[in-house]
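What follows is the residue order along each chain.
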Amino acid sequence: MRSGLARLLLLTLSAASLRAAAPRVLAVDVDGMIHPVTVEILSRAIQQAKQENAAVLLVRLNTPGGLMDAMRESIEKIVAAPMPVVTFVAPSGARAASAGFFILEAGDVAAMAPGTNTGAAHPVMMGGEMDAVMKQKVENDAAASLRSIVTKRGRNSQVAEKAIRESQSFTDKEAVESRLIELVASDDRDLLEKLDGREVTRLDGSRTVLHTHGAAIEVYERNLREKIMSGISDPNMALILLVLGALGIYVEFTSPGLIVPGILGAIMALLGLSALSVLPINWLGAALLLLAFALFILEAKFAAHGVLGAGGALSMVLGAVMLIDSPTPEMRIHLSTAIALALPFSLITMGLLTLVVRARRNKVVTGSQGMIGEIGTAITPLAPDGKILVRGEYWNATAPALIAAGGSVRVVAINQLKLTVEPIPPPNGAST
């Protein structure tokens, strides 16, 4: 019995030792647009992998591309990472296009899942067309940057350069046959099994043998800031936040004291502006949005029978669609989003403005000015001073002519607590 317990204890200790000795792999997802938040996510993931002594950092890609500056910073983080970085286009159906292709090639090992694609990395200038000389400069710069990485990784630089100069795209099979990537794997576990025992050469010339058999995969968890910024980095979401924020602030200004619309509006407006600040803004689109607000205000002030309001709605739709100047569809504001925002916002804004303008034109009914024009009854004869009853209250009053008790009077002025009144002739025209 003692020998059995000893064997059981030995097996338990051995299993615990194996679990403790199992290599760790940290997986981080780079999905959606590549922007400054992507750089922050990669930077923190690399720091976490270093602290946890991870054998490999696995970067899972599913992106249509993004901003070139953010792409270059992401590549700098990857090539300077203290541990091997494996870039993996996954799951099936994913892509690593445009800037994503550069990040894929930056990995010490590049891999793709079946049914994925990559490439189409021709650089496009935000904000307009490039002239021939500038276009050639940008292409040559991007091509040289890619060649320097691909050559160091031992991949096919000539084929990789076609993704820039000819905007070619590659399936997973074409990529591995052209030596743009090293592996095709069905999922993370399959990839790690195929990586086990592979020797990789880092950009600094050092060599590392990967031990990934049975590795424990830990997924990088984004912090609250990264989750929020990633969520609102979509231009459509940023525009929605900005418009709702502007509406909330307007409601607070027109109805002071509500507090909640003002607070929520300010928060949403700031979040929307922070998201738009990292995107390429077309100033013509921004000017059209300002024109839309001006037309809404004019519609409330002038009897234009809805013409100015309709112009404001059209201006808002055009401004929203043109606000983000990007050749990538994922970085532009959808027409459906612009229409869905412009029409309700136009109606709400014009309705609120109309109510405000009408309220300002209405007769004052509170305070001392609210007494002007009120009808009262003389309690005592006014000769010229006496007392009258107005709004159920007794007031000292004076009249320019004699008014008998019981006569109807109209308030024409107020001086501190004394009213000046005039007589109201009876309906039959008889004298009082």
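Here is a short report on the structure shown in this document. In this numbering scheme, every chain counts its residues from 1 along its sequence in written order. Side-chain atom pairs in this predicted model are given and counted only at pLDDT of 80 or more, local residue features only at pLDDT of at least 70, and totals for whole chains, interfaces and linings cover all residues. To obtain the side-chain values, all non-hydrogen atoms of the structure were included, while hydrogens and water were left out.

### Some points on the overall build of the protein chain
Secondary structure is summarised from DSSP: a helix means a run of H or I of at least four residues, a strand means a run of E of at least two, and numbering begins at the N terminus for each. Looking only at helices and strands, the protein chain has 14 helices and 16 strands in total. Residue pairs in contact within the protein chain that sit at least 24 positions apart in sequence constitute 63% of those at least 6 positions apart. Surface exposure here means Shrake-Rupley accessible area, sampled with a 1.4 Å probe, where a residue is shielded only by the protein chains that are shown. By element, 61% of the accessible surface of the protein chain is carried by carbon and sulfur atoms, the whole surface being about 22,400 Å². We call two residues in contact when some of their heavy atoms are within 4.5 Å.

### So, unusual backbone geometry
Ala 90 connects to Pro 91 through a cis peptide bond whose omega is 0°. You can see Pro 91 is positioned in the loop between strand E3 (85-89) and strand E4 (95-97). Put simply, Ala 383 and Pro 384 share a cis peptide bond, and its omega is -5°. Here Pro 384 lies in the loop between strand E12 (375-378) and strand E13 (385-390). The backbone of Asn 53 sits at a positive phi, close to 55°, despite the residue not being glycine. You can see Asn 53 is positioned in the loop between helix H2 (36-51) and strand E2 (56-62). Three exposure classes are used, based on accessible area relative to the maximum for each residue type with a 1.4 Å probe and protein chains only: buried under 20%, partly exposed in between, and exposed over 50%. Asn 53 sits in the exposed class, given a relative accessible area of 66%.

### Some points on the pairing of E2
Most of E2 sits out of view: six of its seven residues are buried. Paired strands are those between which DSSP finds at least two bridges. As defined by bridge partners, strand E1 (residues 24-31) adjoins E2 across seven bridges and the pair is classed as parallel. Residue pairing across strands places Val 25 opposite Val 56, the latter belonging to E2. In the sheet, E2 pairs with E3 via five bridges, with the strands oriented parallel. Bridge pairing links Leu 61 to Val 89 in E3. After leaving E2, the chain enters helix H3 (residues 68-79) and then returns to the sheet as E3, a path that is right-handed. With its strands directed away from the observer, a crossover is right-handed exactly when the path from the first strand over the helix to the second travels clockwise.

### With respect to the side chain of Glu 139
Along the chain, the position of Glu 139 falls in helix H5 (residues 132-152). If sequence neighbours within four positions are ignored, Glu 139 has contacts with His 122, Pro 123, Ile 164 and Arg 165.

### Thoughts on the pattern of salt bridges
Counted as salt bridges are all cases of a side-chain nitrogen of Lys or Arg within 4 Å of a carboxyl oxygen of Asp or Glu. For the coordinates displayed, the defined rule picks out 20 salt bridges. Put simply, Glu 105 and Arg 155 hold a salt bridge, and the shortest N to O gap is 3.3 Å. In this pair, Glu 105 is assigned in helix H4 (residues 99-106) and Arg 155 in the loop between H5 and helix H6 (157-165), connecting sequence segments 50 residues apart. Between Asp 385 and Lys 418 there is a salt bridge; the shortest N-O distance is 3.3 Å. In this pair, Asp 385 sits in strand E13 while Lys 418 sits in strand E16 (residues 418-423), placing the two residues 33 residues apart along the sequence. Here Lys 418 falls in the partly exposed class, since its relative accessible area comes to 34%.

### Comments concerning the environment of Thr 420
Mapped onto the elements of the fold, Thr 420 is located in strand E16. Judged by its relative accessible area of 29%, Thr 420 is partly exposed. With residues near it in sequence (within four places) discarded, Thr 420 still touches Thr 398, Arg 410, Val 411, Val 412 and Ala 413.

### Let's talk about the side chain of Thr 87
Structurally, Thr 87 can be placed in strand E3. Judged by its relative accessible area of 0%, Thr 87 falls in the buried class. At 2.6 Å, the side chain of Thr 87 forms a polar contact with the backbone oxygen of Leu 104. With sequence-adjacent residues up to four places away left out, Thr 87 is seen in contact with Val 59, Leu 61, Ile 103, Leu 104, Gly 107, Val 109, Ala 110 and Ala 111. Any pair of nitrogen or oxygen atoms within 3.5 Å is treated as a polar contact; in protein, a donor-acceptor pairing is required on top of that, and neighbouring residues in sequence qualify only through side-chain atoms on both sides.

### Digging into H2
The length a helix should cover is 1.5 Å for every residue beyond the first. The terminal C-alpha atoms of H2, which comprises 16 residues, lie 23 Å apart, in line with the 22 Å expected from a rise of 1.5 Å per residue. Looking only at H2, the buried set comprises Val 37, Thr 38, Val 39, Ile 41, Leu 42, Ser 43, Ala 45, Ile 46, Gln 48 and Ala 49. The elements touched by buried residues of H2 are E1, E2, H3, strand E11 (216-219) and helix H9 (224-232).

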